[in-house]
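Summary of structural features
Residues per chain, in single letters:
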Amino acid sequence: MRPDMRIMGETSMHWNRIVLTGSAIAAVLALSACDPQPTEGSAAPPAPVASSAAPAGTTAPPSEPAIDAVTAKACDDIKKDIEENADKVAEAEKIGPPAGHIAVSAQWTAGSAAVIAHSIGANETVSTAADKVQEEMMSLGDAYNKSAKAKPSKAKLQAAIKELNAACSAA
């Protein structure tokens, strides 16, 4: 008896998703272990670096501009990730079912991993907003993974992106 290819394809799809999700989680964990702030035993104190980058006449503490710069970079990187992911998802959607939904699901998963990886080090408001974007991207990936004919709404993702943009403009 010949095995049902549909069942084998679904099993293969689930293994691919597990591997991609595991890889994304491993990357996030590896990046979160990095400590961008110097430790007490560091040879170079952070104050000269921050004060040399700060414009003359500012009275802000030396660590504040560095945090704002990290948050601003995170916002720029996350916005770039979202745009690139949208382009890649559009390309994957053109493939069409049944194989296209696997590519779309994988791209949403990869995009969510990129967003979370670039949010590391950002202030709490931006980080929280980025988490919401990441969760909505994963939700869309799950929806595409469940059905080859899925056309999930992106309204929650758009709302999360709007919240991220507001958090980034306030940072």
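None of these values were measured; they are calculated from a predicted model.

Calculation rules
- Residues numbered from 1 in each chain as written.
- Predicted model: local features only at pLDDT ≥ 70, side-chain atom pairs only at ≥ 80, totals over all residues.
- Heavy atoms only, no water.
- Helix = DSSP H or I, 4+ residues; strand = E, 2+ residues; numbered from the N terminus.
- Buried < 20%, exposed > 50% of the residue type's maximum accessible area, 1.4 Å probe, protein only.
- Contact = heavy atoms within 4.5 Å.
- Areas by Shrake-Rupley, 256 points an atom, 1.4 Å probe, with all protein chains shown as cover.
- Core = buried A, V, L, I, M, F, W, Y, C linked by side-chain atoms within 4.5 Å.
- Disulfide = S-S within 2.5 Å.
- Salt bridge = Lys/Arg side-chain N within 4 Å of Asp/Glu carboxyl O.

A look at the overall build of the protein chain
The secondary structure content of the protein chain amounts to six helices and zero strands. In sequence order, the protein chain lays out its α and β elements as α-α-α-α-α-α. Scored against the burial criterion, the 171 residues of the protein chain give a buried share of 29%. Of the contacts made within the protein chain by residues no fewer than 6 positions apart, 72% connect residues no fewer than 24 positions apart. For the protein chain, the accessible surface area stands at approximately 10800 Å², while carbon and sulfur atoms represent 61% of it.

A word on the nonpolar core
Judged by nonpolar contacts, the single largest core of 23 residues is most densely connected at Ile 82, Trp 108, Val 133 and Leu 164. Going through the elements one at a time, α3 (63–95), α4 (99–118), α5 (124–146) and α6 (155–170) are the ones with two or more residues in this core. Sort the elements by how many residues they give to this core and α5 lands first, with seven residues. In this structure Val 133 touches Ile 82, Val 115, Leu 157, Ala 160, Ile 161 and Leu 164, once residues within four positions along its chain are discounted.

Remarks on the state of the cysteines
Structurally, a disulfide amounts to a covalent bond that connects the sulfur atoms of two cysteines. As enumerated under the stated definition, the model contains one disulfide in all. A sulfur-sulfur distance of 2.1 Å marks the disulfide that ties Cys 75 to Cys 168. Residues Cys 75 and Cys 168 are joined by a disulfide whose S-S torsion is about -95°; by sign, that bridge is left-handed. With a gap of 93 residues between them, Cys 75 in helix α3 and Cys 168 in helix α6 connect regions that are remote in the sequence. Since its relative accessible area comes to 12%, Cys 168 is described here as buried.

Structural notes on the pattern of salt bridges
All told, the structure shown has three salt bridges when counted by the stated rule. When the shortest N-O distance is used, the salt bridge between Asp 77 and Lys 73 registers 2.9 Å. Here Lys 73 and Asp 77 lie together in helix α3, a separation of four residues that amounts to about one turn. Asp 77 gets classed as buried once you look at its relative accessible area, which sits at 19%. Here Glu 163 and Lys 132 are joined by a salt bridge, their closest N and O atoms 2.9 Å apart. You can see Glu 163 sitting in helix α6 and its partner Lys 132 sitting in helix α5, a full 31 residues away along the chain. With relative accessibility at 36%, the residue Glu 163 sits in the partly exposed group. Judged by relative accessible area, which is 36%, Lys 132 ranks as partly exposed.

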